[in-house]
Amino acid sequence: MAAGEMEFWQDELKDSLLQEVWPDSFKSIVSKVSQGIPLSREDGHFLFTTPDLDTIGLLANYAKRARFGESVFFNVNVHINQSNICTLACKFCAFRRGRRAKDAYQMEIDEYLEDLSKYSSHVDEVHSVGGLHPEWDINYYTELFSRVKQEYPHIHIKALTAVEIKHIANLSGLTYKETLTKLRDSGLGSIPGGGAEILDDDVRSIICRGKESSSEYIEIHETAHKLDIPTNCTMLFGTIETIDQRLTHLIKLRELQERTGGFQCFVPYPFLPDDSRLPEAQLATGTEILRVIAVSRLMLYNIPHIKAYRMNIGDEIAELALQFGADDIDGTVQKESIMHLAGSRAPLDHDKSRLAKIVIDSGSIPVQRNTIYSSFTKYKAPKEPKRRVLQMAIGD
């Protein structure tokens, strides 16, 4: 049992699935899910194409609830994007700027620490990703992380996507292992999963040419896992990918998890079209977002947590997603640039009580976690102060 899971959850899942009457077309998939047998590519294709979304959601919800009961997890974090200057120009990215752009910025270490100080008393995670700065090698990041840990030892540093790690390694003349070791030793605690997009190089050559290849993404995460650095993984869907390419992506992640067990959480999110340069994108509807989350829960049986990333999909769909297999709703965030420049309208001012309300309204119990899913506290709403009732004066 790990990562907040219920003891004997697979047995619970098997028993609960036996109590339901399933459509004939789902029976072989239900049987595999009940026994912990990986679903095949053909199973995944059926789940992505069947019109019976309600049954997919029901099955994914059973799988989630057997594993975590009524718990839905969140954390108290802040996103600080250290620079929007990037040597690449991915078609879907609305965040990236060239060095000479009027709104290009780069945070020096003292600026970063000053920004973090505004949130340091009430967050326990800082999430930092940014552009591929042409001059920032390993020394910038090791000093940054060391300074953060010196001043705020209680704050977990979750930072740097795979392509950032590749870029830093290349600038510094280091291997991935050497780069990750130095970052870990300076304070890096975990790695977010961003940049996976779709792990198919035909898609990547169109939407993010110049980024790490599919195999490099897998190699960097596998190297991190071997160094005991936990990571998340993601999928950007609704650009130009096919169903088969989505399944290739999911299966590659599942196979790496079978080798290392280092993925904590899978975060699927749809492409947001505003202010980017991918007019050929398919764009995902709300029902497609729920389907992807549910299929992810069923295909990725060995990655414990599936996140409803409200910064991208919004509070309303995130609440629904908690009934379609998602068990995590991310965190308080406080500030964020990348998703909002791409078109997200999710509010940034959520405190714990507002996050908890989303969870409660979905029929679940909010549980505050730390970044690496090793500490859990059931959320209790603060007591409201008693109101003073004034006596009304009654005249003669």
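Numbering of residues begins from 1 in every chain and follows the order in which that chain's sequence is written. In keeping with the model being predicted, local features are shown solely for residues with a pLDDT of at least 70 and side-chain atom pairs are shown and tallied solely at 80 or more, while totals for entire chains, interfaces and linings include all residues. Computation of side-chain values covers all heavy atoms of the structure but excludes hydrogens and water.

## Some thoughts on the overall build of the protein
Stated precisely, the cut-off is as follows: Where helices and strands are cited, they refer to DSSP runs of H or I of at least four residues and of E of at least two residues respectively, numbered from the N terminus. Our radius of gyration looks at C-alpha atoms and nothing else; its globule reference is 2.2 Å times the residue count to the power 0.38. Relative accessibility decides the category of a residue: with a 1.4 Å probe and only protein chains considered, values under 20% of the type maximum give buried, values over 50% give exposed, and everything between is partly exposed. By the convention used here, residues are in contact when the closest approach between their heavy atoms is within 4.5 Å.
Summing up its helical and strand segments, the protein has 15 helices and 11 strands in all. Its C-alpha atoms give the protein a radius of gyration of 22 Å, within 12% of the compact-globule value 21 Å for 396 residues. Dimensions of the protein along its principal axes, counting C-alpha atoms only, are 80 × 60 × 40 Å. Looking at the protein residue by residue over its 396 residues, the buried ones come to 57%. Of the contacts made within the protein by residues no fewer than 6 positions apart, 77% connect residues no fewer than 24 positions apart.

## Quick notes on the environment of Leu199
With respect to the helices and strands, Leu199 occurs in the loop between strand 5 (188–190) and helix 9 (201–207). The spatial distance from the C-alpha of Leu199 to the C-alpha of Leu253 is 9.0 Å, given a sequence separation of 54 residues. Setting aside residues no more than four positions away along its own chain, Leu199 makes contact with Arg204, Ser214, Tyr217, Ile218, Thr248, His249, Lys252 and Leu253.

## Observations concerning the packing of aromatic side chains
In plain terms, the rule: Aromatic rings from Phe, Tyr and Trp, taking only the six-membered ring of Trp, are treated as a pair when their centres fall within 6.5 Å; an angle between ring planes under 30 degrees marks them as stacked, one over 60 as edge-to-face, and anything in between as tilted.
This structure, assessed with the given rule, holds 11 aromatic pairs. Ring centres of Trp22 and Tyr62 lie 5.9 Å apart, and the angle between their planes is 65°; this geometry places the pair in the edge-to-face category. One end of the pair, Trp22, is in the loop between helix 1 (9–18) and helix 2 (27–35); the other, Tyr62, is in helix 4 (residues 53–68), and 40 residues separate them in sequence. Residue classification places Trp22 among the buried positions, given a relative accessible area of 7%. Centroid distance Tyr141 to Phe145: 6.2 Å. Interplanar angle 55°. Geometry classified as tilted. Of this pair, Tyr141 and Phe145 both sit in helix 6 (residues 138–151), four residues apart, which is roughly one turn of that helix. Across this residue pair, the class does not change: Tyr141 and Phe145 are buried. Feature note: the residues Phe68, Phe73, Tyr373 and Phe376 constitute an aromatic cluster, connected by ring pairs.

## Quick notes on the packing of helix 4 against helix 12 (residues 286–299)
Definition in use: To get an axis, fit a line to the C-alpha atoms, keeping to the stretch in contact for a helix; angles then go from 0 to 180 degrees between the N-to-C directions. Should an angle lie under 35 degrees it is considered roughly parallel, over 145 roughly antiparallel, and from 65 to 115 roughly perpendicular; all remaining angles are considered oblique. Crossing handedness: left-handed means the near helix sits turned counterclockwise from the far one by under a right angle, and right-handed means the same turn made clockwise. Polar here means any residue outside two lists: the nonpolar Ala, Val, Leu, Ile, Met, Phe, Trp, Tyr, Cys and Pro, and the charged Asp, Glu, Lys and Arg; Gly therefore counts as polar.
Here helix 4 crosses helix 12 at 45°, and the two axes come no closer than 9 Å. In terms of their interaxial angle, helix 4 and helix 12 are classed as oblique. Along this stretch, helix 4 crosses helix 12, giving a crossing that reads as left-handed. Listed contacts from helix 12 to Leu53, Ile56, Gly57, Leu59, Ala60, Ala63, Lys64, Arg67 and Phe68 of helix 4 are Thr287, Arg291, Ala294, Val295, Arg297 and Leu298. For the contact of helix 4 with helix 12, the residue count by class is nine nonpolar, two polar and four charged.

## Here we look at the pattern of salt bridges
To keep it simple, the criterion reads: A pairing counts as a salt bridge when a side-chain nitrogen of Lys or Arg comes within 4 Å of a carboxyl oxygen of Asp or Glu.
For the structure on display, the rule yields 25 salt bridges. Glu125 is the salt-bridge partner of Lys158, the closest N and O atoms lying 3.7 Å from each other. Here Lys158 is found in strand 4 (residues 156–159), whereas its partner Glu125 is found in strand 3 (residues 125–128), with 33 residues between them in sequence. Judged by its relative accessible area of 3%, Lys158 is buried. Residue Glu125 is classed as buried on the basis of its relative accessible area, which comes to 1%. For Glu216, the salt bridge goes to Lys166, with nearest N and O atoms at 3.0 Å.

## Some details on helix 10 (residues 214–226)
Note the threshold: Expected helix span is taken as 1.5 Å per residue step, with the number of steps being one fewer than the number of residues.
Here helix 10 contains 13 residues, and its C-alpha end-to-end distance of 19 Å stays within 8% of the 18 Å for a straight helix at 1.5 Å per residue. All of the buried residues in helix 10 are Ser214, Tyr217, Ile218, Ile220, His221, Glu222, Thr223, Ala224 and His225. Residues of helix 10 that are buried make contact with helix 7 (162–172), helix 8 (176–186), helix 9, strand 6 (231–237), helix 11 (243–260) and strand 7 (263–270). In the stretch just after helix 10, Asp228 is the one whose phi turns positive, near 60°.

## Topic: the side chain of Thr248
Heads up, the rule is: Contacts described as polar in this section are N or O atom pairs within 3.5 Å, which, within protein, must combine one atom able to donate a hydrogen with one able to accept it, while residues neighboring in sequence count only if both atoms come from side chains.
With respect to the helices and strands, the residue Thr248 is situated in helix 11. Overall, Thr248 belongs to the buried group, its relative accessible area being 15%. At a separation of 3.2 Å, a polar atom in the side chain of Thr248 contacts the side chain of Arg41. Setting aside chain neighbours within four positions, we find Thr248 in contact with Arg41 and Leu199.

## Overview of unusual backbone geometry
In the Ramachandran plot, Glu197 falls in the positive-phi region, its phi being about 45° despite a non-glycine side chain. Take Glu197: it is sitting in the loop between strand 5 and helix 9. Glu197 gets classed as buried once you look at its relative accessible area, which sits at 2%. Here the phi dihedral of Tyr373 falls at roughly 55°; this positive angle occurs in a residue that is not glycine. Tracing the chain through its elements places Tyr373 in the loop between strand 10 (365–369) and strand 11 (376–378).

## As for the sheet that holds strand 2 (residues 77–79)
Strands in a sheet are paired, the pairing made by backbone hydrogen bonds, and the direction either parallel or antiparallel. Keep this limit in mind: Any two strands with at least two DSSP bridges between them are considered paired.
Taken together, four strands build an open sheet; the order of strands is 2-3-4-5 and the sheet is parallel. Two strands lie at the open edges of the sheet, namely strand 2 and strand 5, each paired on one side alone. Put simply, the sheet's adjacent strands are angled 35° from each other on average, direction ignored. Relative to strand 5, strand 4 is paired through two bridges, and the arrangement is parallel. Bridged to Ile157 within strand 5 is Leu188.

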